[in-house]
Amino acid sequence: MMDLPCVQWQDHVAQKWIGLDPELKETLTSLREIDELFKCALTLITQDDLDMVKSISSGYSVQKDAQLAAKCRERGNSSFKTRDHAAAALHYSQGICFAHLGSEQLSLCYANRSAALYHLQHCQESLDDIDKALKNGYPSHLLHKLEDRRTQCLKHLSAGQKAKEDQPNPASKNNKASDRVKGASAGLLTFGICPQAALGFSSEKGRHLVAAETIAAGEVILHDRPYSCVLIPGIEEVKGNGGRQHAQRGVLFGVEHKRCHRCLTETLCPVPCEGCSYSRYCSTSCQRDAWEEHHCWECPLGADLNMMGVMSQLALRVTLKAGLKNVQMARDPIRDEHTESEPSGPKSESSDSSPRHSNQTNPCTSYYGDSYSSVFHLRHHLNRHSPDVRFQCAVTIATLFLKLSKAGPPPAAWDLSRHLPADSQSTDQEEDTAEWSSNLWLLGSAVLRHVLQLRCNAQAILMLQDTGAANAPVQSSREIRIATAIFPTLSLLNHSCCPNTSLVFNTGTSVSADFSESVTEYRSTARGVTVTIRASKVIAPGQEILHCYGPHSSRMATQQRQRLLQEQYYFLCQCEACTLQQQQQEEEEEEEEGLEGRQQWSGVGLLCGKCKGSLKKISEDGVKGFICSQSSCAHRVSLSEVSHRLQKIKVDLEKAVDLLERERPDEALRLLRRTQSQPGLILAETHPVQGELADATARAYATMGDWSNAASHLERSAVAIASQYGEDSIELGRQLFKLAQLHFNGGARGPALSVIPKVRQLLCLHEGPLCHELQELQAMEDCLQG
């Protein structure tokens, strides 16, 4: 399941649209109110549509299944035998989710997981699982195993407690700093906008943030938490000790197996939903809160929601959490409006960024914090979505609405009787049901509104994932998207392809706000998902605070960025990067027209295969290619030859990375050497692909324990990264952090101490002083200086 409904459902709705009467199509296209669109779509839902949902959702079953529980336990036993206790715990957890409440299979899974947790030194969690195994009827002839394990767990816990009591109080400066970090993390997290930023509003940009005074680089601009979020299943996050060798045997886990489905906290021992096999939580409190907030309706419809996609499920969660009262209050300011108001001036095409927010006078000139109103008044772009997209969304939500209306009594927040005066509440259950049904369309209309909003306002929650084997000497990482969310305050930021902010997500843990508590309105215990926005450069007073929606100038060409932004967000980006690159392109075109076929030059990061001089673009008589800049050489290469060579290098690079993840570094190294020694095209040190080749080569040497060669090649990779992303980028910071690790592992004291300050500067700038990499960096520095 990803953002959109599954392909089968999309095809079904597309055929339904094609088969509509032309007049009905025209009517649907002309509707200007979401309420009208929803009600019209509701009249078009037939039994065939409901049967199609039933047919498709059968492949997304979330029912309890004893046989699948047994298979998961067997896989866990296999992992346990190879001492991959983390993978074993996850397999047993999957079995726990599949097993029926009170069954022997459930008790066996709990007992086995307690063993895996014990070997992982999670003794308290192991004890909890022992109790759960006994509660669910663990076989009496096996009880001695649990009692022995309980004794061992209690012994370890007692020894650990005694060690803590015997440990002297920390007196060093570093230990005191560590205590301050722990204290901050355990306290309350402050949400809101820093006093140096202010809310702005214009017809072109909608609501947005601007600097009220100078904001220093690295300073926190805002903390936010999602109003709601949904995990994206199928994203591979956890691997066994053997990297891809285990992956080939199917030992792979998605984020849905290891993270709480409410707060996204990582856990090896999730608490299962008692009604379905899919949802699981980090604690009974998250399980209870999710049930009361949304899962009491989601649980019986889990398969339907899986096939309808993350966006539909997220829109439903937002609406269920808000409740009838909040939806009605949010609707009041727009009750007499036919649609969201459009800017009177030029659209975002003429602005520096995208207006993502509703443009109504009262709602959009105010800041609602993390309340439902902030979400409700985001721009939904009803009139900008194509007719077929609007129809796809409306039919999907109308179908979901019909399924929900038959799922049982409404959640407490949507129970109409709870919002009526006491003397007006009916004692007739049938009358209550009739009143509820007559107002249920408000829920459906709100869900449709949020689905349309999310196409432009959804935020991917990104986390760094370690790749390769868990026991590798140097870990590589990649950024993965684990969930989709809607952030009330973060949504105020407009887009730039060269943003002046950095964004960091946290799950499960948090840090204290870096700005004055007096200007923030919202406080919460530091639990669950949070996002922190920092200035990545100095932001002058009056300058807009900007965030990148995805297409970044360091990763993507201008035309491609503008096309993607136009397609998804309905604006032509004219940010600083796009404007500068457009001006350069126009100047080149003017020069080319004036020269009438003469050579047009620009650097491309490629070197001549004959003399190693730089290659430059050439365009003669409409034919594009490259020529050596050395006049004594003047070697020419066709565009197709360059493209073919680059593609071949990328294919070889992918093969080498695959070999590394399968723990075959010697083969990977031979392939990388052969790739770079082939005649023809040579990549400059600053070329991005050259950086990737150098990084893979460094990884191979590190795996083989050759720290010196690994560091040498990683330094070359850092040159390419600095050229692509900038000297102050987080990408360079992460690469230099790996370089510091290599120097440290190789005992190169001087080089390690020389690179650590630069790493510290970049990590503090983008991720703040409490990121865990800085703690590791400090430990390395203390060891080297000790």
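Since this is a predicted model, take the numbers as computed values, not measurements. (Residues numbered from 1 in each chain as written. Predicted model: local features only at pLDDT ≥ 70, side-chain atom pairs only at ≥ 80, totals over all residues. Heavy atoms only, no water.)

## Side note on the pattern of salt bridges
Close approach of charged atoms allows side chains of opposite charge to pair. Scanning the entire structure with this criterion turns up 22 salt bridges. With its nearest N and O atoms 2.7 Å apart, the salt bridge here joins E298 to R317. Here R317 lies in helix α15 (residues 310-331) and E298 lies in helix α13 (residues 284-298), a separation of 19 residues in the sequence. Across this residue pair, the class does not change: E298 and R317 are buried. Measuring nitrogen to oxygen at the nearest pair gives 2.7 Å for the salt bridge that ties R555 to E731. Of this pair, R555 sits in the loop between β16 (546-547) and α21 (558-569) while E731 sits in helix α27 (residues 730-745); the two residues are 176 residues apart in sequence, bridging distant segments of the chain. Residues participating in the shared-partner salt-bridge network are D131, E147 and R150. (Salt bridge = Lys/Arg side-chain N within 4 Å of Asp/Glu carboxyl O. Helix = DSSP H or I, 4+ residues; strand = E, 2+ residues; numbered from the N terminus. Buried < 20%, exposed > 50% of the residue type's maximum accessible area, 1.4 Å probe, protein only.)

## Let's talk about the packing of helix α28 (residues 749-767) against helix α29 (residues 772-785)
The relative placement of two packed helices comes down to the angle between their axes together with the axis-to-axis distance. It is at 10 Å that the axes of α28 and α29 come closest, and there the two elements cross at 155°. Taken as axis vectors, α28 and α29 run roughly antiparallel relative to one another. Our pair here, α28 against α29, has a crossing hand that is left-handed. Counted together, R749, A752, L753, I756, V759, R760, L763, C764 and E767 of α28 and E773, L774, L777, Q778, E781, L784 and Q785 of α29 form the full contact between these two elements. Looking at side-chain class alone, the contact of α28 with α29 contains nine nonpolar, two polar and five charged residues. (Axes fitted to C-alpha atoms, helices over the stretch in contact; angles between N-to-C directions. Parallel < 35°, antiparallel > 145°, perpendicular 65-115°, else oblique. Left-handed = near helix turned anticlockwise from the far one by under 90°. Contact = heavy atoms within 4.5 Å. Nonpolar A, V, L, I, M, F, W, Y, C, P; charged D, E, K, R; others polar.)

## Comments concerning the environment of T558
Within the secondary structure, T558 is located in helix α21. A relative accessible area of 11% places T558 in the buried class. For the pair T558 and C497, spaced 61 residues apart in sequence, the C-alpha to C-alpha distance is 8.9 Å.

## Considering unusual backbone geometry
One non-glycine residue, Y570, lies in the positive phi region at around 65°. Mapped onto the fold, Y570 is located in the loop between α21 and α22 (576-595). Residue Y570 is classed as buried on the basis of its relative accessible area, which comes to 12%. Not every positive phi belongs to a glycine, and E663 is a case in point at roughly 60°.

## Details of the nonpolar core
The nonpolar side chains of soluble globular proteins are, as a tendency, buried together. Counting residues in hydrophobic clusters, the biggest one holds 64 residues, and the most contacted among them are W9, L28, L316, Y372, F391, L443 and L448. Elements that contribute at least two residues to this core include exactly α1 (7-18), α3 (34-44), α4 (47-57), α14 (302-308), α15, α17 (372-376), α18 (387-405) and α20 (441-457). Leave out the neighbours within four places in its chain, and L448 touches I34, L37, F38, C393, A394 and I397. (Core = buried A, V, L, I, M, F, W, Y, C linked by side-chain atoms within 4.5 Å.)

## Focus: the confidence of the model for the chain
Taken over all residues, the pLDDT of the chain has a mean of 83, while the share at 70 or more is 79%. Every residue in residues 170-189 is under pLDDT 50, and counting partners more than four places away or in other chains gives 26 contacts. Confidence drops under pLDDT 50 across residues 237-251; counting only partners more than four residues distant or on other chains, this segment forms 47 contacts. (pLDDT = per-residue confidence, 0-100.)

## Describing α18
Taking 1.5 Å of rise per residue, the 19 residues of α18 would be expected to cover 27 Å, and the 27 Å separating its terminal C-alpha atoms lies within 8% of that figure. Burial analysis of α18 places 15 of its 19 residues in the buried class, which makes it a mostly covered element. (Expected span 1.5 Å × (residues − 1).)

## Some remarks on empty space enclosed by the protein
A probe matching the size of a water molecule, rolled over the atoms, marks out where space remains unfilled. In the structure shown here, the tally under the stated rule is four cavities of 30 Å³ or more. In this structure, the largest cavity occupies an estimated 130 Å³ of space. In terms of lining, the largest cavity is formed by 14 residues, of which the most central are Y278, S279, E298, Q313 and R317. Those elements that place two or more of their residues in the lining of the largest cavity are β5 (228-231), α13, α14 and α15. Examining the composition of the lining of the largest cavity, we find that three residues originate from one element, α14, more than from any other. The class makeup of the residues in the lining of the largest cavity is six nonpolar, six polar and two charged. (1 Å grid on protein atoms, 1.4 Å probe; cavity = no way out; pocket = protein on both sides within 12 Å on 5 of 7 lines; lining within 4 Å. Points joined across faces, edges and corners; volume = space filled by probe spheres on them.)

## So, the packing of α18 against α20
Where α18 contacts α20, the two axes come as close as 9 Å, and the packing angle between them is 145°. In the crossing of α18 with α20, the sense of the turn from one axis to the other is right-handed. Residues V389, C393, A394, I397, F401 and L404 of α18 pack against W441, L443, G444, V447, L448, V451, L452 and R455 of α20. Of the residues in the contact of α18 with α20, the class split is twelve nonpolar, one polar and one charged.

## Observations regarding the packing of aromatic side chains
In the structure shown here, the tally under the stated rule is seven aromatic pairs. Ring geometry for Y372 versus F376: centroids 5.8 Å apart, planes at 55°, classification tilted. Remark: F376 and Y372 occur in helix α17; sequence separation between them is four residues, near one turn of the helix. By the burial criterion, Y372 is buried, and F376 matches it. Note on F487 and F505: the rings are 5.9 Å apart at their centroids and 45° apart in plane angle, and the pair reads as tilted. Note that F487 is positioned in the loop between β11 (476-486) and β12 (494-495) and F505 in strand β13 (residues 501-507), a separation of 18 residues in sequence. The residues F487 and F505 share a single accessibility class, namely buried. Among the aromatic side chains, those forming a connected cluster through ring pairs are Y227, Y372 and F376. (Phe/Tyr/Trp six-rings, centres within 6.5 Å; stacked < 30°, edge-to-face > 60°.)

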